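Descriptive analysis of the structure
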Amino acid sequence: MASANQKMWAGRFAKETDSRVNDFNSSIRFDSRMFRQDIAGSCAHAQMLGDCGIIEKSESAAIIAGLKGILADMESGKLVLNPEAEDIHMFVEAELTSRIGDAGKRLHTARSRNDQVALDLRLYLKDETKEILFLVRELITTIADLAEQHTRTVMPGYTHLQRAQPITFAHHLMAYANMLLRDLQRLEDANKRMDFMPLGSGALAATTYPINRKQVCDLLGFADITQNSLDGVSDRDFAIELTSAISILMMHLSRFSEEIILWCSWEFKFVELDDAYATGSSIMPQKKNPDVTELIRGKAGRVYGDLQTLLVMMKGLPLAYNKDMQEDKEAVFDAVDTVKLCLSTFIPMLATMRVLPENMRAAAARGFINATDCADYLVKKGLPFRDAYKITGQLVALCIEKNCTLETLPLAEYQALSAEFAEDVYKAISLEECVLQRKAEGGPAPESVEKQIAYIRTAIA
Ligand code: ARG
């Protein structure tokens with residue numbers, strides 16, 4: 001293969017590249033992960049060049065056979081990367097030529113690395129998006145399965161992290177399922193705009209050869225071809241959109257993680273992580289720490305950094321390709337790797353997490369979370385809501401003073417504030433009843449949450 005000092009573009013130059021510039025310029029360290037996509041793109045391109053009569057059919061066949069050999073040898077580890085190569089595109093082409101001779105030198109006809117890298121990145125990210133979609137579906141299913149077991153597990157719902165109104169654990173879980181469903185839709189939507197084939201854009205101004213872009217598009221399984229050669233090589237929206245969708249997904253995972261961190265604390269003790277998904281302390285023998293969730297919360301910030309990198313990298317670039325764009329890969333790859341790592345750890349952690357319904361129920365019993373229901377009781381007896389609200393506030397103050405709950409406050413105390421109160425108030429404010437009555441669509445009543453679960457299961461099918 002060509003040595004690092006004999007550049008493919010050496011003709012124009014009188015001097016060799018400074019070794020520091022070589023290192024600085026090289027992207028093979030991080031773009032080699034696209035070798036499968038690079039080879040697939042080159043095979044389709046060679047096929048098309050042969051079919052269009054731009055190169056000989058025999059040359060096209062030799063190129064494809066050579067590329068397949070390179071692919072097999074890279075998969076098996078027989079062919080190792082040359083770290084001196086400028087990038088994966090140069091490496092594969094040089095290796096091909098060293099294997100098959102002159103025909104290899106014809107592969108780059110009607111092509112530039114600018115449209116080649118745009119193609120590789122789209123192909124690579126399409127594959128990654130598929131994997132992320134798979135994991136998000138799996139997480140939604142895990143949540144729905146868990147929710148199914150807890151449609152009657154009463155827990156306090158919070159606002160301002162203060163106990164607010166009674167809900168069930170299933171209802172709380174299904175909130176996350178809905179966030180993740182939107183993530184799924186955003187990823188699918190990003191995928192639609194990624195699904196355009198840029199090859200044929202050339203360096204920037206397409207090509208004078210009679211190429212068949214549609215054929216390459218079909219061979220590689222894209223929905224359509226890009227419509228403008230300048231845009232074809234300089235668009236990175238697809239990477240930004242994907243990283244943006246991943247950022248929102250990470251924000252959801254981070255919020256869920258934050259809640260699990262709280263729930264694991266002795267202050268809540270709503271759940272306990274399986275030993276396989278928790279960690280200990282080097283000094284405190286009693287500790288069982290939720291490191292996985294803390295790392296996910298931390299890594300969300302890192303992914304937002306990736307998104308920021310991409311946006312800032314692109315904002316000042318004149319058309320068309322600029323080398324700045326080589327910086328896209330480490331950022332988007334990091335976002336993709338990170339979210340996959342987080343999802344694939346979070347899913348089994350959640351599936352094995354022990355739920356402690358008694359502790360949720362005990363927390364629900366304190367904090368007057370049935371106060372709204374008490375006020376609603378009076379409203380149903382004919383009082384205006386504001387009056388009912390005020391009376392209930394006085395009842396809560398009385399309970400705090402007497403250190404009791406609305407459930408244990410004697411009926412006489414109720415009746416002293418409103419004659420409308422009768423024995424049936426205790427049923428109306430029982431937490432189980434409060435949940436059962438919240439059966440409006442989207443509410444926490446078991447029948448409503450069962451519908452939510454069925455809806456989600458169909459939506460992701
Ligand atoms: N390694 C380059 C990148 O990742 C490939 C494109 C190089 N194009 C060029 N004109 N130098 O962007």
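Residues numbered from 1 in each chain as written. Predicted model: local features only at pLDDT ≥ 70, side-chain atom pairs only at ≥ 80, totals over all residues. Heavy atoms only, no water.

**Digging into the environment of Q185**
Structurally, the position occupied by Q185 is in helix α8 (residues 169-194). Exposure remark for Q185: the relative accessible area of 44% places this residue in the partly exposed category. (Helix = DSSP H or I, 4+ residues; strand = E, 2+ residues; numbered from the N terminus. Buried < 20%, exposed > 50% of the residue type's maximum accessible area, 1.4 Å probe, protein only.)

**A closer look at the state of the cysteines**
A complete count under the given rule lists zero disulfides for this structure. Here C43 is not disulfide-linked; the sulfur of C52 is the nearest cysteine sulfur, at 16 Å. Classification of C43 by relative accessible area gives buried; the value is 14%. Its sulfur unpaired, C52 is 14 Å from the next cysteine sulfur, which belongs to C217. (Disulfide = S-S within 2.5 Å.)

**Some remarks on the packing of aromatic side chains**
Enumeration over the complete set of coordinates arrives at 10 aromatic pairs. Measuring from ring centre to ring centre gives 5.3 Å for F268 and F270, while their planes differ by 85°; the resulting arrangement is edge-to-face. In this structure, F268 and F270 share a single accessibility class: buried. Ring geometry for Y377 and F421: centres 5.6 Å apart, planes at 5°, overall stacked. Within this pair, whereas Y377 is found in helix α15 (residues 371-380), its partner F421 is found in the loop between α17 (411-417) and α18 (425-428), the two being separated by 44 residues in sequence. Residue classification places Y377 among the buried residues on the basis of a relative accessible area of 7%. In this structure an aromatic cluster arises from ring pairing among Y377, Y414, F421 and Y426. Here R12 stacks its cationic end above the ring of F13, 5.9 Å away from the centre of that ring. We note K126 situated over the ring of F222; from NZ or CZ to the ring centre the distance is 4.2 Å. (Phe/Tyr/Trp six-rings, centres within 6.5 Å; stacked < 30°, edge-to-face > 60°. Lys NZ or Arg CZ within 6 Å of the ring centre and 35° of its normal.)

**Examining the site of the ligand**
In the neighbourhood of the ligand, the contacting residues comprise S27, D31, D87, H89, R113, N114, V117, Y321, K323, Q326 and K329. Top contributing element to the shell around the ligand by residue count: helix α7 (residues 113-148), with three residues. Along the lines of polarity and charge, the residues of the shell around the ligand split into two nonpolar, four polar and five charged. (Near = heavy atom within 4 Å. Nonpolar A, V, L, I, M, F, W, Y, C, P; charged D, E, K, R; others polar.)

**Looking at the environment of A276**
As for its placement among the helices and strands, A276 is situated in the loop between β5 (271-272) and α12 (291-315). Each C-alpha atom, one on A276 and one on T159, is 32 Å from the other, the two residues being 117 residues apart in sequence.

**Observations regarding the pattern of salt bridges**
Applying the stated criterion across every chain, the model contains 37 salt bridges. Here K340 ties to E131 by a salt bridge, and the two come within 2.9 Å at their closest N and O atoms. Separated by 209 residues along the polypeptide, K340 in helix α13 (residues 328-352) and E131 in helix α7 bring together distant segments of the chain. Since its relative accessible area comes to 39%, E131 is described here as partly exposed. In the salt-bridge network here, residues are joined through shared partners; they are D73, K78, E95 and R99. (Salt bridge = Lys/Arg side-chain N within 4 Å of Asp/Glu carboxyl O.)

**Structural notes on the side chain of E93**
Within the secondary structure, E93 is located in helix α5 (residues 88-100). Of the side chains with opposite charge, R111 lies nearest to the buried E93, which makes no salt bridge, at 4.8 Å. Each residue touching E93, except ones within four places of it in the same chain, is listed here: M8, G104 and H108. (Lys, Arg positive; Asp, Glu negative; His and termini not counted. Contact = heavy atoms within 4.5 Å.)

**Brief notes about empty space enclosed by the protein**
Scanning all chains against the criterion turns up two cavities of 30 Å³ or more. Roughly 40 Å³ of internal volume is contained in the second largest cavity. Lining the second largest cavity we find H45, M48, A110, L199, G200, I211, N212, R213 and V216. At the level of elements, α3 (35-51) and α9 (213-219) are the ones that each hand at least two residues to the lining of the second largest cavity. Partitioning the lining of the second largest cavity into residue classes produces five nonpolar, three polar and one charged. (1 Å grid on protein atoms, 1.4 Å probe; cavity = no way out; pocket = protein on both sides within 12 Å on 5 of 7 lines; lining within 4 Å. Points joined across faces, edges and corners; volume = space filled by probe spheres on them.)

**Quick word on the pairing of strand β2 (residues 162-168)**
Here strand β1 (residues 154-159) runs beside β2; their pairing, made up of six bridges, is antiparallel. By the bridge assignment, T159 is partnered in β2 with Q162. The turn joining β1 and β2, which pair antiparallel and follow one another in sequence, is formed by two residues; a positive phi near 55° is taken by H160. (Pairing = 2+ DSSP bridges.)

**Comments concerning the environment of Q286**
For Q286, the location among the structural elements is in the loop between β5 and α12. By relative accessible area, Q286 is classed as exposed at 58%. Along the backbone, Q286 and E148 are 138 residues apart, and their C-alpha atoms lie at a distance of 33 Å.

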